[in-house]
Protein chains: 2
Amino acid sequence: MRPVSRLSELPEIVISLNKRFKVAVVMAEDKNTIEAVIAGILNGFLKPIFIGNKQLIISLIPDELLLNENAFDIVECEDPKEASDLAVDMVNNGEADILMKGLINTDIFLKSVLNKEKGLMKEEGVLSYVCALELPAYHKLLFITDPAVLPFPSKKQKIAMAQYAIDMTNKLGINEPKVALIGASEKVSEHFPNSLDYQEMKEMAAQGGFGKCIMDGPLDVFLACDPESLKTKKIISPIEGDADVLLFPSLEASNPFYKGLMLFGNGDLAGLIQGTTHPVVVMSRSESFKSKYYCLALACLMSN
Amino acid sequence: MRPVSRLSELPEIVISLNKRFKVAVVMAEDKNTIEAVIAGILNGFLKPIFIGNKQLIISLIPDELLLNENAFDIVECEDPKEASDLAVDMVNNGEADILMKGLINTDIFLKSVLNKEKGLMKEEGVLSYVCALELPAYHKLLFITDPAVLPFPSKKQKIAMAQYAIDMTNKLGINEPKVALIGASEKVSEHFPNSLDYQEMKEMAAQGGFGKCIMDGPLDVFLACDPESLKTKKIISPIEGDADVLLFPSLEASNPFYKGLMLFGNGDLAGLIQGTTHPVVVMSRSESFKSKYYCLALACLMSN
């Protein structure tokens, strides 16, 4: 598989699989959510099970699609917690491949995912998030972790974050991802406890602990993504300013980074919850239609 | 004064002042540093005192400028610490208006600045940094603090950072700056101790503690800089998605933010050390010539 370098390739690849992925949508009566799912139906790669208020859901589906009985299912359920538990059950018993959040409070939704007996977490799984950021000014996708879930990840959590990001790049044809552990500079210092964790992670990577990857850090964003900056500062890094993955030390660091680039760098993104046995889609209302559509295509690829 | 909205206005304004600012350059024998200073000489607003290895310094000055005896002074001094102390003395006794770092280790340079008896710190001054970021995709300058000095600022340090940024915007004609206190979301939560500090800072601002300004937070970057995001999320903020200043909770957050936008958002910047009685210019080797030139113009404006 050729490495995916643009988000628009994601739906193309999924379409080429000639398979319809079943996505269970919790409280689907949300225009933003349903529009992205419908695009997946029309392109032949999604068969959704819409759970929620049936009447409202139907009102959001175009007439021509309503005529096609085989295109989707609707399950009436007006209680968010019940809807959420039901959707998780469907994924666990194989009725659905992917779980997706609709018009429901994220905490209630995640509670069902995190449920110890009936939830969707992997054994020893760490709830986290990886997104693929597409920037016109970078020559390939930049995978960011964790821009959405873990406030101040511990070393154990950062190790999990790195592994999830590596797994995602592998699924997208990047066989030896370059993982930059991001700090404010390249210096290891007690003033930045994360830089000490990074040293251990690098050693772990060198011993093959993350599978095939090139890991380096701490690196600042210039050193991670710009070969010229390495030359100017006379620094040698095995990543060579060509990072695939940026691992951030905190949510306070990752979140402004990607939001700044969405606003001012003309960025686009697709991301998924991590640590689960099956892909879980949680999209922000402020995300564009395109982002949501790419996100669903990414979920299908990860499920395949 | 009309608010400055682009960095290129900085030298224009300084030139219009018809004044030559005296800048003491420590270990000036650095091509990058001297080039930016020479542009300031040629545009008539700088009269530097180059301190360092005289022969090396002369080798970096164009011949036509060497003929003009009135254009600059050179003081021979080969010891970095001595050169640094000397330059600080010059600023303190009025021989220089601005201090600038050349080819010298930043720690040695800052030690002279921070010296309790003979340094350049304001009483109760907090060593910090503010930079003005110019982004083609934003309609005005975005002031960032602190992208360079304080790793994890305390509440007291964040209060100082806010004040320094406000003072800088005032000097650039922005009379009521909009200051966004940046977090990963708009929620105040114990999981993000900075958000608790932000609440106190907002109250302080409401009571006039920072002078004339509009302060709000925690806000994420979307809510701080994009009116549409406020509408989508149905959130009301007095900043109205039109921030002048972004105050970050840590260096790990601010540093990747501005570096990402320099690389992928076609950004440019000018910044200064804060907490000092006189402007102090510390520029990174990786900064462009333009950034360095704007930086010097900003120092002149702040000194005026």
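Note that the structure is predicted; figures quoted are calculated from it, not measured.

On to the pairing of strand β2 (residues 46–52) of chain A. All names here are of chain A. The buried fraction of β2 is high, at seven of seven residues. Handedness of the strand β1 (residues 21–26)-helix α2 (residues 31–42)-β2 crossover: right-handed. By the bridge criterion, four bridges tie β2 to strand β3 (residues 73–76) in an arrangement that is parallel. Residue pairing in the sheet places G52 in a bridge with E76 of β3.

Here we come to the environment of A:V23. All names here are of chain A. In this fold, V23 is placed in strand β1. Residues V23 and E95, spaced 72 residues apart in sequence, show a C-alpha to C-alpha distance of 8.9 Å. Aside from chain neighbours lying at most four places away, what touches V23 is L46, K47, P48, I49, I98, M100 and L296.

A few words now on helix α12 (residues 289–303) of chain A. All names here are of chain A. When the terminal C-alpha atoms of α12 are compared, their 21 Å separation across 15 residues agrees well with the 21 Å that a helix rising 1.5 Å per residue should span. Taken across its 15 residues, α12 has twelve buried, putting it largely inside the fold. Buried within α12 are the following residues: S291, K292, Y293, Y294, C295, L296, A297, L298, A299, C300, L301 and M302.

Note: predicted coordinates in regions of low pLDDT should not be interpreted at a detailed level. A residue-level look at chain A finds 100% of positions with pLDDT of 70 or above and a mean pLDDT of 96. Taken together, the chains of this predicted complex give a pTM of 0.95 and an interface ipTM of 0.94.

A word on the side chain of A:S195. All names here are of chain A. Within the fold, S195 resides in helix α8 (residues 193–206). There is a polar contact of 2.6 Å between the side chain of S195 and the backbone oxygen of F192. Those residues within four positions of S195 in sequence are excluded, and the remaining contacts are K187, V188, S189 and P218.

Excluding glycine, a negative phi dihedral is what most residues carry, and trans is how most peptide bonds are arranged. Residue and element names in this part refer to chain A. Cis geometry is found at the peptide bond from T145 to D146, where omega equals -5°. With respect to the element layout, D146 can be found in the loop between β6 (142–145) and α7 (155–171). Of note, the bond from G217 into P218 is cis; its omega dihedral lies within 30 degrees of zero at -5°. Relative to the helices and strands, P218 resides in strand β8 (residues 214–219).

The interface is formed by 36 residues belonging to chain A together with 36 residues belonging to chain B. Our count for the chain A to chain B interface comes out at two salt bridges. Of the charged contacts in the structure, one is a salt bridge between A:K259 and B:D220, with a shortest N-O distance of 2.7 Å. Going through the elements one at a time, α8, α9 (221–225) and α11 (251–264) of chain A are the ones with two or more residues in the side of chain A that touches chain B. The element contributing the most residues to the side of chain A that touches chain B is α11(A), with twelve residues.

Once that is clear, we can look at the relation of the copies chain A and chain B. Both copies of the chain are tied together by a single rotation about an axis and a shift running along it. Of the transformation superimposing chain A on chain B, the axial component is 0.0 Å and the angular component is 180°, with the fit at an RMSD of 0.0 Å. Accordingly, the operation relating the two chain copies is best matched by a two-fold axis. No C-alpha of chain A approaches the rotation axis more nearly than that of A:A253, which lies at 1.8 Å. By residue overlap, the copies meet face to face through one surface: 100% of the interface positions of chain A are interface positions in chain B.

Two side chains carrying opposite charge are able to pair once their charged atoms lie near each other. Residue and element names in this part refer to chain A. According to the stated counting rule, one finds 26 salt bridges over all chains in the structure shown. When the shortest N-O distance is used, the salt bridge between E35 and K31 registers 2.9 Å. Separated by four residues within a single helix, E35 and K31 lie in helix α2, roughly one turn from each other. Under the relative-accessibility criterion, K31 is labelled exposed at 52%. A salt bridge links E228 to K231; its shortest N-O distance comes to 3.2 Å. Taken together, the residues span about one helical turn, with E228 and K231 both in helix α10 (residues 227–233) at a distance of three residues. Residue E228 is classed as partly exposed on the basis of its relative accessible area of 44%. Given the relative accessible area of 58%, K231 is considered exposed.

Cut-offs applied
- Residues numbered from 1 in each chain as written.
- Chains lettered and ligands numbered in written order.
- Predicted model: local features only at pLDDT ≥ 70, side-chain atom pairs only at ≥ 80, totals over all residues.
- Heavy atoms only, no water.
- Buried < 20%, exposed > 50% of the residue type's maximum accessible area, 1.4 Å probe, protein only.
- Helix = DSSP H or I, 4+ residues; strand = E, 2+ residues; numbered from the N terminus.
- Right-handed = clockwise from strand over helix to strand, strands pointing away.
- Pairing = 2+ DSSP bridges.
- Contact = heavy atoms within 4.5 Å.
- Expected span 1.5 Å × (residues − 1).
- pLDDT = per-residue confidence, 0-100.
- Polar contact = N/O pair within 3.5 Å; in protein donor to acceptor, adjacent residues only side chain to side chain.
- Salt bridge = Lys/Arg side-chain N within 4 Å of Asp/Glu carboxyl O.
- Least-squares fit on C-alpha atoms with pLDDT ≥ 70 in both.

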